[in-house]
Amino acid sequence: MKYLTKWSFRNKAALIVMTVLTLGLGIGSYFILPMELMPEADNPQVTVATIGQGYNSQTMTQEVTEPIESALATIKGKTDVLSTTGDGYSQVNISFDSKTDMKEAKKQVEDAMNNLKLPDNVSKPNIIQYDTSMIPVAELSIAFDKGSREANLQKLKKEILPKFESIKGVGNVALYGKDNPLVEVKLNLKKLAAKQQSINSVMTLLQGQNLSVSLGDKSIDGQMSNLKVVGKITSIDELGNLVLPSIVPAAPAVHLKDVADIQRSNGQEGISHVNGKDAMAISITKESNASAVTVGKEIKKVAEDINKSGTGEHAEILFSSSKMVVDSVNSMLREVLLGALFATIVIVLFLRNIRSTLITVVSIPLSLGLTLLLLWRSGITLNILTLGGVAVAVGRLVDDSIVVVENIFRKTQKEGFSRETVMQATSEVGKAITSSTLTTIAVFLPMGLIQSSLKAFLLPFALTVTYSLLASLLVALTVVPLMSFGLLKKAKLPEHKEPKRYMNILKWNLNHKWVPVLFAIIVFAGSITLYTVLPKGSVSADDTTMVSVTMTYPSDTPIAKVQDNGLAFENKLLKLKGYQSIITQQGNSEEQAKWGQVSNPTQTTFTVIMKDNANADHFMKDVNALKKDYPNADIQASTASFMGSSQTAITYDLEGPDREKLLKASDDMIKLMDGTKGVKKVSSNAEEKKPVYQFVVDPTKANTGQIAMQLNGLLNKTPIGNMTIGGKETSVVMDTNLNPTSKNDLDKIQIATQTGMVPLSSIAKIEKVTQSSTVLHKNGKEYIRISAEVNPKKLSVISTDIDKKLDKLNLPKNVKLVKGGAVTQQASDFADLGLVMLISIGLVYLIMVITFKTLRTPVAILMTLPLASIGAVLGLVVSRVSVDSTALLGALMLIGIVVTNAIVLIDKIKQNEEHMSIREAIVEAAATRTRPILMTAVATICAMLPLLFTHAEAGSLVSKGLAVVVIGGLAVATVLTLFIVPVFYELLYFRKSKKQRKTAKTELTQSV
């Protein structure tokens, strides 16, 4: 490291140019770096979503879910296959090992689905593999002043969508709320009977009308020609004029329009509203290498141009992640600047010299500039993780420079100012700051080894901190000595005074070692005990910019009632204050299924985008006040974000071959779990049940398959084919208008048999049974899941209380209970971070062994770690912050931060030992290094203070918990390092120190 300092003095001009270039390139990199909310990260899961309108959960399970599960059996790398099947939908989630290439995994699933044959009226499986790049940059609603809906839709597709698609950096533009136009043939059963026609005759007539069939090649007029039969219907009038086949000779012609009402419809069966109106919404995602901020600005510009066009179109941006990115960047930059300001104030107070402060503080912009340049060259984007890394590193950026400047400051006071003094002062601390920086880096780099859900977030965070620390070390060894030589040459430096009180206390400690050692052991044991009783929480996804409201009715509730009450509830939400937009969705559609979004048809979802600075808590209280108006609905309101809902759930899965035993065990569990303190709601997927009418066909009277086909055509809208209207392919469906409302109505349904039309009750027995409206499978086997929604801040405490109650549960034979949900994720994250801590401690020890060339000395330095844990736990207790993964990340950071002070102290002791006894070396080193240790610690603590009061962005690793742990741990560790680490160091060399003191005492006696 001496070489770098000497080089900087020999090449002053080159260093000045390099410094200016670094600042310039750093500033340029800030504007070039793509900005986004989150780093690109894959979710190790593939989802297969399928819609089957008219199918109940049991039929969907047998006909759709189970064939999909069977087809997935050969997929490599999967860890679990979980499926949820409800009325009209199926969702299969395939989880993979974190090492799996998710693009290859998705391709495997697509290949498996391509060979799958599903029943008619069931959509093609939609295969989705989520990653953070799928987070929309913006979502807009488009409204028109005039024109038909169909004309406006065409205008939207041909004129408006291309404007957004042409924006540089836009990856995909998806249109939601668009119509799926249909031609509905609504049969009049009475007219049909009067004309002596059957439903089958109508179906036979309609099917195949628009076919194009090749008949092969024949020689016509001496030329080989292709023969084709083409059927083409292009209007509703042509469709209505079709003649039904007659079984009565010479009977009058019966046209389709004589027995049916034929009309066009938009094909919408669910609700898709924005602010209470039918919506056509545009969702825009960006390319992976594009900047969310740049794309967001262009989208806003195009939207403004559309609004100014004067042609009657209005584009409103419902929400924009680019705005969230800008807010996050500004928030983090504000915290970085505040941290730098606080660190500057600390240096001024300690050194009482403006020039020295200026030299020290210059390391912050230089280090940040070099960090931004390295991030740009590494292909890492500017997001809340990288900015978080800068925020937690800013206090540490001045540490190396503080140590160098303080040593130069102190040495020139004693020996006078010269170039050699400056270089020697830098050299004295060069090894210490290099090893301390490397130990801190050794803590952060192993974060990339984590294989859990945290890896994609920890790696850019760790690299940012690593780049920052290496940059600050480089600045401290080159720029700082040169600036010191230039600025302190004629400065009047205050006299350095030894901390006599501290030295007296330290000497007493060294003479009464058992007192500080016993104190440290007792306090450490107490902190461990406190930690075990502290509540362990999960990282919340709270983000006050969004609120999620769900309105769920029992599964046997008629859909018409669900929609009517959903719209009524929507009107009440629209009267509340504080929101910018409310997006209402009910029912499953092909558009949603393409994104894996399928849900219970009796659930209506309201996504509320809040205004800036609006109070989400007040809004949710207003929502909860409306619950009394809908006693049969389960209404839930919670803050949400793109990273998910803020609700935290502990899940318990009951697995076994006997469903009745599973149901009994689930009922017993729910009774035990209900009433547990901190549990908001206990639910089971087996709770939702609805009546199912089964038609048991007598095989001697009719064919079961034929009866099923007839009933499906009678009771559901039946796709017949397609026709071209206005140049657009349009689906044709047949609707019998048969809506039975009782068992008696079902009995009377007329069915065609070989003997003629007969009532259904004459050929089939109708049985009423109750079945679950949702079926869950785990790896192909049915299971029951019990979910407990809990307070995320007290996750571990509530989980323990529930487990104590469940210990009393006697499970039936062959029934297994598996715990999961937030608790399992928490345990996994904690285990990963614990492993990284152990690896980091090992690397820190290795670096110190290399630095000091001994095995014993690093042990004294590592004594700071248990001392730091005391402060960390006390900080959590005082602040009442629960232990989550971000708090453990703070503990991981402490490993690298607190050993820095001990290294600076021990390094000076080792230098002193060359010409002093151990005791004298300890006392002199402690007196000399007290000021830089206090300065670096206080500067780091002050730089972290803004994080105590910041609002953590969704997905950010920088939180109040992290700041509390670092501040508390560093504060206590610094104090105890000054008083206890010297004691531990002398204990490691007790015999040698005792012998030296004895010899010195003998020599003193002899001299007297």
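Residues numbered from 1 in each chain as written. Predicted model: local features only at pLDDT ≥ 70, side-chain atom pairs only at ≥ 80, totals over all residues. Heavy atoms only, no water.

Another point: the overall build of the protein chain. Secondary structure summary: the protein chain contains 34 helices and 32 strands in total. Going through the 1008 residues of the protein chain one by one, you find that 51% of them count as buried. Partitioning the contacts of the protein chain with sequence separation of at least 6, the portion at a separation of at least 24 is 80%. As displayed, the protein chain offers around 46400 Å² of accessible surface, 56% of which is attributable to carbon and sulfur atoms. (Helix = DSSP H or I, 4+ residues; strand = E, 2+ residues; numbered from the N terminus. Buried < 20%, exposed > 50% of the residue type's maximum accessible area, 1.4 Å probe, protein only. Contact = heavy atoms within 4.5 Å. Areas by Shrake-Rupley, 256 points an atom, 1.4 Å probe, with all protein chains shown as cover.)

A few words on the packing of aromatic side chains. Summed over the entire model, instances satisfying the criterion amount to six aromatic pairs. Centre to centre, the rings of Y502 and F979 are 5.3 Å apart; their planes meet at 75°, and the pair counts as edge-to-face. Of this pair, Y502 sits in helix α18 (residues 500–511) while F979 sits in helix α32 (residues 960–979), placing them 477 residues apart in sequence. Since its relative accessible area comes to 9%, Y502 is described here as buried. Residue classification places F979 among the partly exposed residues on the basis of a relative accessible area of 22%. Put simply, the rings of F569, F606 and Y630 touch in pairs and so form one group of aromatic residues. The ring of W376 carries the charged tip of R377 above its face, separated from the ring centre by 5.2 Å. (Phe/Tyr/Trp six-rings, centres within 6.5 Å; stacked < 30°, edge-to-face > 60°. Lys NZ or Arg CZ within 6 Å of the ring centre and 35° of its normal.)

This brings us to a negative patch on the surface. On the surface, a cluster of negative charge is made up of E40, D42, D101 and E104. Relative to the elements of secondary structure, D42 occurs in strand β1 (residues 42–51). (Patch = residues over 30% accessible without salt bridge, like charges linked within 9 Å, V, L, I, M, F, W, Y side chains within 5 Å. Salt bridge = Lys/Arg side-chain N within 4 Å of Asp/Glu carboxyl O. Lys, Arg positive; Asp, Glu negative; His and termini not counted. Charge placed at Lys NZ, Arg CZ, Asp CG, Glu CD.)

What follows is about the sheet that holds strand β5 (residues 138–144). If you walk across this open sheet you meet the four strands as β6-β15-β5-β16, and the pairing is antiparallel. Looking at strand neighbours, the two that pair on one side only are β6 (170–176) and β16 (313–320), the edges of this open sheet. Neighbour-to-neighbour, the strand axes of the sheet open up by a mean angle of 25°, direction not taken into account. Seen against the sheet, helix α10 (residues 292–308) touches β5, β6, β15 (280–286) and β16 and runs at an angle of roughly 155° to β16. (Pairing = 2+ DSSP bridges. Axes fitted to C-alpha atoms, helices over the stretch in contact; angles between N-to-C directions.)

A few words now on the pattern of salt bridges. Scanning the entire structure with this criterion turns up 15 salt bridges. Put simply, K743 and D747 hold a salt bridge, and the shortest N to O gap is 3.6 Å. Here the residue K743 and the residue D747 both occupy positions in helix α25 (residues 743–747), the gap between them amounting to four residues, near one helical turn. In this structure K743 comes out as partly exposed when scored by relative accessible area, which is 38%. Judged by its relative accessible area of 17%, D747 is buried. For E767, the salt bridge identified is with K765, shortest N-O distance 4.0 Å. By relative accessible area, which is 29% here, E767 ends up partly exposed.

Moving on: the environment of I861. Checked against the element boundaries, I861 lands in helix α28 (residues 857–862). Linking I861 and P982, residues 121 residues apart in sequence, is a C-alpha distance of 9.4 Å. Excluding residues within four positions of it along the chain, I861 makes contact with M848, F852, V899, A902, I903 and I906.

Now for the nonpolar core. One finds M447 and L892 to be the most contacted residues of the largest nonpolar core, which totals 120 residues. Residues contacting M447, with those up to four places away along its chain left out, are L458, F461, A462, V836, L889 and L892. Judged by nonpolar contacts, the second largest core, of 36 residues, contains L239, L242, I749 and V758. (Core = buried A, V, L, I, M, F, W, Y, C linked by side-chain atoms within 4.5 Å.)

Here we come to the packing of helix α2 (residues 12–32) against helix α13 (residues 363–378). Between α2 and α13, the least distance of the axes is 7 Å, while the angle of their chain directions is 55°. Taken as axis vectors, α2 and α13 run oblique relative to one another. Like other packed secondary-structure pairs, α2 and α13 cross with a definite hand, here left-handed. Contacts between α2 and α13 involve T19, T22, L23, L25, G26, S29, Y30 and I32 from the former and P365, L366, G369, L370, L372, L373 and W376 from the latter. In terms of residue class, the contact of α2 with α13 is made up of ten nonpolar, five polar and no charged. (Parallel < 35°, antiparallel > 145°, perpendicular 65-115°, else oblique. Left-handed = near helix turned anticlockwise from the far one by under 90°. Nonpolar A, V, L, I, M, F, W, Y, C, P; charged D, E, K, R; others polar.)

Every α-helix carries 3.6 residues per turn, so stepping three or four residues along brings you back to the same face. Counted at 1.5 Å a residue, the expected span for helix α4 (residues 102–114) with its 13 residues is 18 Å, and the 18 Å between its end C-alpha atoms agrees. For α4, the full list of buried residues reads M102, A105, Q108, V109, A112 and M113. Buried residues of α4, seen end-on, are gathered within an arc of 135° and therefore sit on one face of the element. Exposed residues pointing more than 90 degrees away from the buried face of α4 are listed as K103 and N114. (Expected span 1.5 Å × (residues − 1). Arc of directions from axis to C-beta.)

So, about helix α14 (residues 384–397). With 14 residues, α14 extends 19 Å between its outermost C-alpha atoms, agreeing within 8% with the 20 Å of an ideal straight helix rising 1.5 Å per residue. Of all bends in α14, the biggest is about 25°, found at A391. Most of α14 is tucked away: 14 of the 14 residues are buried. (Bend = angle between axes of the 7 residues up to and from the residue.)

Per-residue confidence for the protein chain gives a mean pLDDT of 80, with 88% of residues at or over 70. Across the protein chain, helix α20 (residues 559–574) holds the top mean pLDDT of 90, while strand β21 (residues 644–645) sits lowest at 49. Every residue in residues 538–543 scores below 50 in pLDDT, and together they form 26 contacts with partners more than four places removed in sequence or on other chains. (pLDDT = per-residue confidence, 0-100.)

This part is about the sheet that holds strand β25 (residues 718–725). The strand order across the open sheet built from four strands is β12-β7-β26-β25, with neighbouring strands paired in mixed fashion. Looking at the sheet topology across the chains shown, the edges are occupied by β12 (260–265) and β25. Taking each pair of neighbouring strands and ignoring which way they run, the sheet shows an average axis angle of 25°. In this sheet, strand β26 (residues 728–735) lies alongside β25 in antiparallel orientation, the contact comprising seven bridges. If you follow M723 over to β26, its bridge partner there is T730.

The next subject is the pairing of β15. Burial analysis of β15 places seven of its seven residues in the buried class, the great majority of the element. Burial along β15 is two-sided: M280, I282, I284 and K286 and A281, S283 and T285, pointing in opposite directions, are all buried. Note that β5 and β15 share five bridges and pair antiparallel. In the strand pairing of β15, S141 is matched with A281. Pairing of β6 with β15, which is carried by six bridges, proceeds in the antiparallel orientation. Within β15, the position partnered with A174 by the bridge is S283.

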